[in-house]
Amino acid sequence: MYVYIYHLRWVFMLFQYFSQLCSWFTWYCSSRTLTNTMEAVLGTLALYYYPLEGSRTKSSTKYLFFVALAFLVRPTAPILWVPLLLYHFSKEQKKLDLILLHCLPVGLLALGGSVIIDWMYFGEWTVVQWNFLKFNVLQNIGSFYGSHPWHWYMTQGFPVIMGTHLPFFIHGCIVAPRRYRVLLVAIVWTVLIYSTLSHKEFRFIYPVLPLCMIFCGFSLTNIKRWKKPAIGFLVLSNLLPALYTGLVHQRGALDIMSNVQQLCQKQNSSLLILMPCHSIPHYSHVHCPITMNFLECPPDLGDHDTYVDEADLFYASPLAWLHAEFYDHKRLPTHLVMFSVLEKDINPFLITHNYVRTASVFHTHLPEGRIGSHIYLYERQLQ
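In this text the structure is predicted, and so the values were computed from the model without any measurement.

Calculation rules
Residues numbered from 1 in each chain as written. Predicted model: local features only at pLDDT ≥ 70, side-chain atom pairs only at ≥ 80, totals over all residues. Heavy atoms only, no water. UniProt positions renumbered as here; feature names shortened; annotations may be inferred. Helix = DSSP H or I, 4+ residues; strand = E, 2+ residues; numbered from the N terminus. Pairing = 2+ DSSP bridges. Axes fitted to C-alpha atoms, helices over the stretch in contact; angles between N-to-C directions. Phe/Tyr/Trp six-rings, centres within 6.5 Å; stacked < 30°, edge-to-face > 60°. Buried < 20%, exposed > 50% of the residue type's maximum accessible area, 1.4 Å probe, protein only. Lys NZ or Arg CZ within 6 Å of the ring centre and 35° of its normal. Patch = residues over 30% accessible without salt bridge, like charges linked within 9 Å, V, L, I, M, F, W, Y side chains within 5 Å. Areas by Shrake-Rupley, 256 points an atom, 1.4 Å probe, with all protein chains shown as cover. Salt bridge = Lys/Arg side-chain N within 4 Å of Asp/Glu carboxyl O. Contact = heavy atoms within 4.5 Å. Polar contact = N/O pair within 3.5 Å; in protein donor to acceptor, adjacent residues only side chain to side chain. Disulfide = S-S within 2.5 Å. Parallel < 35°, antiparallel > 145°, perpendicular 65-115°, else oblique. Left-handed = near helix turned anticlockwise from the far one by under 90°. Nonpolar A, V, L, I, M, F, W, Y, C, P; charged D, E, K, R; others polar.

Here's the deal with the UniProt feature "transmembrane region" (unreviewed entry) in the protein chain
- As recorded in UniProt, the sites labelled "transmembrane region" (unreviewed entry) are residues 6–27, 63–87, 99–122, 150–170, 182–198, 204–223 and 230–249.
- The span residues 63–87 is 84% helical and 0% strand by assignment, and the distance between its end C-alpha atoms comes to 14 Å.

Observations concerning the sheet that holds strand β1 (residues 270–274)
- Pairing in this open sheet of 5 strands is mixed, and the strands run β2-β1-β3-β5-β4 from one edge to the other. A single partner strand is all that each edge strand has here, and the edge strands are β2 (291–294) and β4 (355–362). Recorded for the sheet is a direction-independent mean angle of 20° between the axes of neighbouring strands.
- Across 5 bridges, strand β3 (residues 335–339) lies against strand β5 (residues 374–380) in antiparallel orientation. Residue pairing in the sheet places histidine 335 in a bridge with glutamate 379 of β5.

A look at the packing of aromatic side chains
- Applying the stated criterion across every chain, the model contains 23 aromatic pairs.
- For the ring pair phenylalanine 158 and phenylalanine 169, a centre distance of 5.6 Å and an interplane angle of 65° mean the geometry is edge-to-face. Here phenylalanine 158 is found in helix α8 (residues 152–162), whereas its partner phenylalanine 169 is found in helix α9 (residues 166–175), with 11 residues between them in sequence.
- On the basis of relative accessibility, which here comes to 11%, the residue phenylalanine 158 falls in the buried class.
- Within the aromatic cluster, the residues linked to one another by ring pairs are Trp152, Tyr153, Tyr194, Phe202 and Phe204.
- The ring of tyrosine 28 has arginine 32 lying over it, and the distance from NZ or CZ to the ring centre is 3.9 Å.
- Seen from the ring of phenylalanine 89, lysine 95 lies directly overhead, with NZ or CZ sitting 5.6 Å from the centre.

Section: a nonpolar patch on the surface
- A cluster of nonpolar residues, Phe89, Leu96, Ile99, Leu100, Leu101, Leu104 and Leu108, forms a patch on the protein surface that exposes about 670 Å² of accessible area.
- Here the element with the most residues in the nonpolar patch is helix α6 (residues 95–122); it accounts for 6 residues.
- A relative accessible area of 33% means that isoleucine 99 is categorised as partly exposed.

Remarks on the environment of lysine 95
- Considering the arrangement of structural elements, one finds lysine 95 in helix α6.
- In this structure, lysine 95 is in contact with Phe89 and Ser90, ignoring residues within four places of it in sequence.
- Within the structure, the side chain of lysine 95 is placed 3.4 Å from the backbone oxygen of phenylalanine 89, a separation counted as a polar contact.

Focus on the state of the cysteines
- The tally for this structure, following the rule as stated, stands at 2 disulfides.
- The disulfide partner of cysteine 264 is cysteine 288, and the gap between their sulfur atoms is 1.9 Å. Since a negative S-S torsion denotes a left-handed disulfide, the cysteine 264-cysteine 288 link at about -75° is left-handed. With cysteine 264 in the loop between α13 (252–261) and β1 and cysteine 288 in the loop between β1 and β2, the pair connects residues that are 24 residues apart, well separated along the chain.

Things to note about the packing of helix α4 (residues 60–73) against α6
- The contact between α4 and α6 brings their axes to 10 Å, and the two run at 30°. By the angle between their directions, the pair α4 and α6 is classed as roughly parallel. For α4 against α6, the interelement crossing comes out right-handed. Facing Ser60, Thr61, Leu64, Phe65, Ala68, Phe71 and Leu72 of α4, the residues of α6 in contact are Leu98, His102, Cys103, Val106, Ala110, Leu111 and Ser114.
- Looking at side-chain class alone, the contact of α4 with α6 contains 10 nonpolar, 4 polar and no charged residues.

In structure tokens:
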């Protein structure tokens, strides 16, 4: 019996790992420098040491340490851990020891270290985690970058990041042992809390994915007759989206930087990026002192009713903005970068000032709004 249980445990762990590894969204996020990715990694490490019933690696200090690190990386991280922390506290017999010997030392060490580091950087006492929460939650300034209906995570966000794992997740919730229900509560709680925020993105709920894969692992472990077809289905259905989103979709933002890097070889080069904010990298991919400007879109920290950022002003009337900004020909940049959809709107400006397209890179098969299918690089030809 012991050998059978030990074997079953390893089979479940193998399928859980397989589920996480073949998830298209895992590949999409893990290759990008997102704080949500680090939050998910630290959350997974914390879950490894979490004192769940039957766990052989439980350690209150270690899992609280990784939760604290996740909080420092992204202050919304504790949202996922609220049900798990409460569950741990309710099951813990030595509650006072848990608070005094584990929670307080770890919390004070993590927060104190963060405050000291920020003081050294900013030159004044600053709690960046509080500023983050005040900016995104209390003041809801994050909605400046877009808002979605309250049900978006349930109807679009969660189903999309789960992909073809979704039916296995649902089946796993049914067959999983009862002690794992607290993880399901944490998943539901997190999705519901994030649903109350106006600004929503797929990556925000990425940290719940490792928990979801635990239930997918239970599903694959309990499937008898159709195990191999299920595994093959998951691999094929996730491989194509992973390859497409990782190698093809919106790749132009990086490809164009190879052309921009060549400007380092030209003297007195200057670049103006006529694209929506945060569309392409900046000096992180250009390691030389050329002048680079872009359309700015800082949020309205002053709460002005008539506030309009520079990017919106530009797109309201691109041609008029360019003529007003470059009334003096001496201020004209030597190069312009833009999405293909903008070309027709500013074509008179390009012709008047002798700008010639010198590069065109593919960006996406799904252009939308201000985002074009290609990215163009224009160079001004001096007569």
